[in-house]
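# Observations on the model geometry
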Amino acid sequence: METVWLNGKYMPLSEGNVSLEDRGLLFADGVYEVIAAYNGVPFILDEHLERMIRSADGIRLESPHTTDVRRQVIHDLVTRLGVSRAMIYGQLTRGSSRRSHPLPKAPTPTEYWFARELPPVVTKNYREGVHLITQPEERWARCWIKSTSLLPNVLAKQAALDVGAFDSLYVLEDGVITETSAANCYIVRDGNIFTHPANGRILGGCKRALVMELARRAGIGVHEEFIPLDQAREAEEMFITSTTLNVLPVTTLDDNPISNGRVGPITGRLMEAVGDAIREKCGEIVMA
Ligand code: PDD
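The present account deals with the structure reproduced in this document. Every value quoted in this text rests on a predicted model; they were computed, and no experiment measured them.

Summarising the element assignment, I258 is placed in the loop between β16 (256–257) and α8 (265–282). Residues I258 and P104, spaced 154 residues apart in sequence, show a C-alpha to C-alpha distance of 49 Å. Not counting residues up to four positions away in its chain, the partners in contact with I258 are A232, A235, E236, E237, M238, V250, T251, T252 and L253.

In structure tokens, the structure reads:
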């Protein structure tokens, strides 16, 4: 049975309810986090919990619970779930109040967390890399907030699935690539990694920060720069990262292979480095 912690109480996930006038439902007025746990150990938990506070600050929402409470709840949820690879989802909304656009003066936020087993890793994707298609960037300019307003992301993901691709890569009006619907994006050029700077056009991924750190430690140059789409098409390698995907190679962009269409050596090294970092903190785990 899956359990949810909702506003301070544990209950079966199927019994958790929120009001029809929750501002999360009415306005997508909320923020969220997704955290991975391996062997019951949440990975880079503090980074995720800090980002939740930053995102909440970004929508002028005061957190109803402390980071210590959240840490304990997440620990309890993964312990109860008792699987080796889990995903923890948390959402914090401005709560229920009479529908009206202005921010309520005294909000009663809704907060819930649940843990679920991660689906099995699709090893073929990690061996062969995945196919992205490009999409015009039509989200807002505060993508650094991990906001629940994900309709543009949902539509972009579905557009990719509709044509047999894995995800969509956003392209700004000036031709700069940013990130995919749910992952950060990188290219390799002259043996160095390039990724879009952490500004309002991307979500600063917790895995992104880790991967950049691991790359630097491995002596690989890391540059946060604007990447024009035509440069991305000429890249030596391309990959994406997120909490649940870790490092996933991209070998096709629109209808063209990236380089020779195979998983490149730097991507391979980073896949291993992230695997090692997880094993170091969470214990032995089967990676793709
Ligand atoms: N998505 N960019 C976007 C738009 C994202 O939604 C995500 C994560 C990332 C990567 O961030 P992180 O490394 O902290 O997971 C980048 C999560 C996994 C999701 O919505 O399921």
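As a further point, take the site of the ligand. Near the ligand there are 19 residues, and of these Y32, R51, E179, C206 and T243 occur at the shortest range. Separating an oxygen atom of the ligand from a side-chain N or O atom of Y32 is a distance of 2.8 Å. Within the contact set of the ligand, a nitrogen atom lies 2.6 Å away from a side-chain nitrogen or oxygen of E179. In the complex, 89% of the free accessible area of the ligand, which totals 480 Å², lies under the protein chains. With respect to the pocket detection grid, the ligand is positioned in the largest pocket. Of all the secondary structure elements, the ones that give two or more residues to the shell around the ligand are β3 (30–38), α2 (45–58), α6 (206–217) and β14 (237–242). Taken together, the residues of the shell around the ligand break down into six nonpolar, eight polar and five charged. A domain split of the shell around the ligand shows at least three residues from each of domain 1 (3–117) and domain 2 (123–282).

Moving on, we come to the pairing of strand β11 (residues 192–195). The pairing of strand β10 (residues 184–189) with β11 spans four bridges and is antiparallel. Bridge pairing links Y186 to T195 in β11. Once β10 ends, the chain turns through two residues before running back antiparallel as β11, passing D190 with a positive phi of about 50°. Across three bridges, β11 lies against strand β12 (residues 222–224) in parallel orientation.

Parameters at a glance
Residues numbered from 1 in each chain as written. Predicted model: local features only at pLDDT ≥ 70, side-chain atom pairs only at ≥ 80, totals over all residues. Heavy atoms only, no water. Helix = DSSP H or I, 4+ residues; strand = E, 2+ residues; numbered from the N terminus. Contact = heavy atoms within 4.5 Å. Near = heavy atom within 4 Å. Polar contact = N/O pair within 3.5 Å; in protein donor to acceptor, adjacent residues only side chain to side chain. Areas by Shrake-Rupley, 256 points an atom, 1.4 Å probe, with all protein chains shown as cover. 1 Å grid on protein atoms, 1.4 Å probe; cavity = no way out; pocket = protein on both sides within 12 Å on 5 of 7 lines; lining within 4 Å. Sits in = over half its atoms within 2 Å of the grid points. Nonpolar A, V, L, I, M, F, W, Y, C, P; charged D, E, K, R; others polar. Domains from an automatic or database assignment. Pairing = 2+ DSSP bridges.

Read these as geometric descriptors, not functional statements.
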